[in-house]
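Structural characterization, general
Read off the chains here:
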Amino acid sequence: MCAGCKEIEGKFGGPSGLMVDFVNGIAAEVAKVRPDAFVETLAYQYTRAAPKGIVPADNVMIRLCPIEADSSHELDSERNRAFMDDLRDWSAISKQLFIWDYSVDFLDAVRLHPNVFPLSKNIPLFVKRGAVGVFEQGYENTHQFTDFIALKGWLSSQLLWDPARDAEALIGRFLSGYYGAAAPHLDAYLRLLDRTVRANGKVPGYGDPDLSGFDGKVLAEAAKCFELALESVRTEPEFHRRVRIEELAYRYLKILRYLDGILGGDGEEIFASPEDAAAACEAFLRGAVALGIDPEWQM
């Protein structure tokens, strides 16, 4: 915030110009003793917009982060134009452009984060726009669950290995292999989520999502998907357990939408009574712990 730093910002078009100027100086010294090493910095939040009049040195790695983007839409959609402008500008000046992307909700691990289909399109997009590496940040599922985290991790891994692979075929393969006969019902559920949030919603990588489009009608349709999915694997314990894990995010969303309705005064009748809502909360908590969620776990 000093006058000297503000002068450099003014010269190079903003905070990222100051950061690149600083990191270039560090990288020049590093190159004297480790010419094979890279020095990394983040194009993140206040440094996300590319600078003017200065470029990263050849041994400087820029890690561009779309954390404010709407994850429910592909990054090259109109909803994410601001990020695409930044991606274009960094790609034009950086020889070592990496992406730090986000596949889950970092404010609430269990809350619905319907981004499977946009995620599958963004990795090939990064390659097309000049990125030489991508880091997909999510959760591991040992201590915590979020919706379809195993699918997102596997799908991301496959596309990072070969961005030209058919994402739809990969999704179908995973659903069949991981959930057995429940696969078509979970596929229908994922597509319901995708349609709903695209029509009315916003899902940032970090921040409160807008899930207001998930009204009573949509939730009832989602419930039917899980009813059919669970019944289809009723005699197969491991598949049944995996489907129950995915159902957690739906059950949690139903509770959150009920609370939104109460606080917003719109009287949405997701539960028949406050007593039914309280019982659903208790059942959700018991079920989550039984399935393996650690209530003391922290990121």
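We now turn to the structure provided with this report. Each chain has its residues counted from 1, running along the sequence as written. Local features are withheld for residues below a pLDDT of 70 in this predicted model, meaning they are given only at 70 or higher, and side-chain atom pairs are given and counted only at 80 or more; totals for whole chains, interfaces and linings count all residues. Computation of side-chain values covers all heavy atoms of the structure but excludes hydrogens and water.

Here we come to the pairing of strand E2 (residues 60–64). Whether a residue is buried, partly exposed or exposed follows from its accessible area with a 1.4 Å probe, protein chains only, as a fraction of its type maximum: under 20%, in between, or over 50%, in that order. Numbering of helices and strands runs from the N terminus, with a helix taken as a DSSP run of H or I at least four residues long and a strand as a DSSP run of E at least two residues long. Judged by how many residues are buried, E2 sits mostly within the fold: five of five residues are covered. By the alternation rule, side chains of E2 split into Val 60, Ile 62 and Leu 64 and Met 61 and Arg 63, which are all buried. Criterion used throughout: strands pair if DSSP finds at least two bridges between them. Summarising the sheet, strand E1 (residues 39–43) and E2 pair through five bridges and their orientation is parallel. Paired with Glu 40 across the bridge in E2 is Met 61. The sheet contact formed by E2 and strand E3 (residues 97–102) spans three bridges and is parallel.

What follows deals with the sheet that holds strand E4 (residues 133–137). The four strands are arranged E1-E2-E3-E4 in an open sheet whose pairing can be described as parallel. Sheet topology places E1 and E4 at the edges, where each strand pairs with a single neighbour. This sheet shows a mean twist of 25° between the axes of neighbouring strands, independent of strand direction. Here an angle of 0 to 180 degrees is reported between the N-to-C directions of two axes, which are lines fitted to C-alpha atoms, with helices fitted over the stretch in contact.

This part is about the packing of helix H7 (residues 183–199) against helix H8 (residues 216–232). At their nearest, the axes of H7 and H8 sit 8 Å apart, and the two run at 165° to each other. With respect to H8, the axis of H7 lies roughly antiparallel. Judged by the sense of rotation from one axis to the other, the crossing of H7 with H8 is left-handed. Between H7 and H8, the residues in contact are His 185, Leu 186, Ala 188, Tyr 189, Leu 192, Arg 195 and Thr 196 and Val 218, Glu 221, Ala 222, Cys 225, Phe 226, Leu 228, Ala 229 and Ser 232, respectively. The residue makeup of the contact of H7 with H8, split by class, is 10 nonpolar, three polar and two charged. Here the angle decides the label: under 35 degrees means roughly parallel, over 145 means roughly antiparallel, 65 to 115 means roughly perpendicular, and every other value means oblique. For any pair of crossing helices, the crossing counts as left-handed if the nearer helix is rotated counterclockwise from the farther one by less than a right angle, and right-handed if it is rotated clockwise. When checking whether two residues touch, look at their non-hydrogen atoms; a contact exists if any pair is within 4.5 Å. Three categories are distinguished: nonpolar for Ala, Val, Leu, Ile, Met, Phe, Trp, Tyr, Cys and Pro, charged for Asp, Glu, Lys and Arg, and polar for the others, with Gly belonging to the last.

Now for the packing of aromatic side chains. How two aromatic rings sit relative to each other is given by the distance of their centres and the angle of their planes. In this analysis, rings of Phe, Tyr and Trp, with Trp reduced to its six-membered ring, are considered paired at centre separations within 6.5 Å, and the interplanar angle assigns stacked below 30 degrees, edge-to-face beyond 60, and tilted for intermediate values. Enumeration according to the criterion identifies 11 aromatic pairs in this entry. Relative to Phe 174, the ring of Trp 154 lies with its centre 5.5 Å away and its plane at 40°, an arrangement referred to as tilted. Highlighted residues: Trp 154 in helix H5 (residues 149–161) and Phe 174 in helix H6 (residues 167–179), separated in sequence by 20 residues. Exposure remark for Phe 174: the relative accessible area of 9% places this residue in the buried category. Ring centres of Tyr 252 and Phe 284 lie 5.3 Å apart, and the angle between their planes is 10°; this geometry places the pair in the stacked category. With Tyr 252 in helix H9 (residues 237–264) and Phe 284 in helix H10 (residues 274–291), this residue pair connects regions lying 32 residues apart in the sequence. Both residues of the pair, Tyr 252 and Phe 284, belong to the buried class. An aromatic cluster is present here, built from Phe 148, Trp 154, Phe 174, Tyr 178, Tyr 179, Tyr 189, Phe 226 and Tyr 250 joined pairwise through their rings.

Taking 1.5 Å per residue, 18 residues should reach 26 Å; H10 reaches 26 Å between its end C-alpha atoms and fits that length. Of all the residues in H10, the buried ones are Ala 277, Ala 280, Phe 284, Gly 287, Ala 288 and Leu 291. Along the axis of H10, the buried positions cluster into a sector of 100°, meaning they face one direction only. Exposed residues pointing more than 90 degrees away from the buried face of H10 are listed as Pro 274, Glu 275, Arg 286 and Ala 290. Just downstream of H10, Gly 292 is the residue with a positive phi angle, here 120°. Expected helix span is computed as 1.5 Å times (number of residues minus one). Each direction from the helix axis to a C-beta atom contributes to the arc, which is the arc of those directions.

Moving on: the nonpolar core. Within this scheme, the nonpolar core is defined by two criteria: the residues are buried Ala, Val, Leu, Ile, Met, Phe, Trp, Tyr or Cys, and they are joined through side-chain atoms within 4.5 Å. Within the largest apolar cluster, 54 residues are counted, with the highest numbers of intra-cluster contacts made by Tyr 189 and Val 243. Contributions of two or more residues to this core are made by helix H4 (116–128), H5, H6, H7, H8, H9 and H10. Every residue in contact with Tyr 189, bar those within four places of it in the chain, is listed here: Leu 112, Phe 148, Ala 222, Cys 225, Phe 226 and Tyr 250.

Another aspect to go through is the pattern of salt bridges. The working definition used for a salt bridge is a side-chain nitrogen of Lys or Arg within 4 Å of a carboxyl oxygen of Asp or Glu. Applying the stated criterion across every chain yields a total of 24 salt bridges. With its nearest N and O atoms 3.3 Å apart, the salt bridge here joins Asp 85 to Arg 88. Note that Asp 85 and Arg 88 are positioned in helix H3 (residues 81–93) at a spacing of three residues, about one turn of the helix. Relative accessible area serves as the criterion here: at 46%, Arg 88 is assigned to the partly exposed category. Across the pair Asp 260 and Arg 257 runs a salt bridge whose closest N-O atoms are separated by 3.3 Å. Taken together, the residues span about one helical turn, with Asp 260 and Arg 257 both in helix H9 at a distance of three residues. Taking relative accessible area as the criterion, Arg 257 reaches 7% and is therefore assigned buried. A network of salt bridges, in which partner residues are shared, links Arg 48, Glu 68 and Asp 86.

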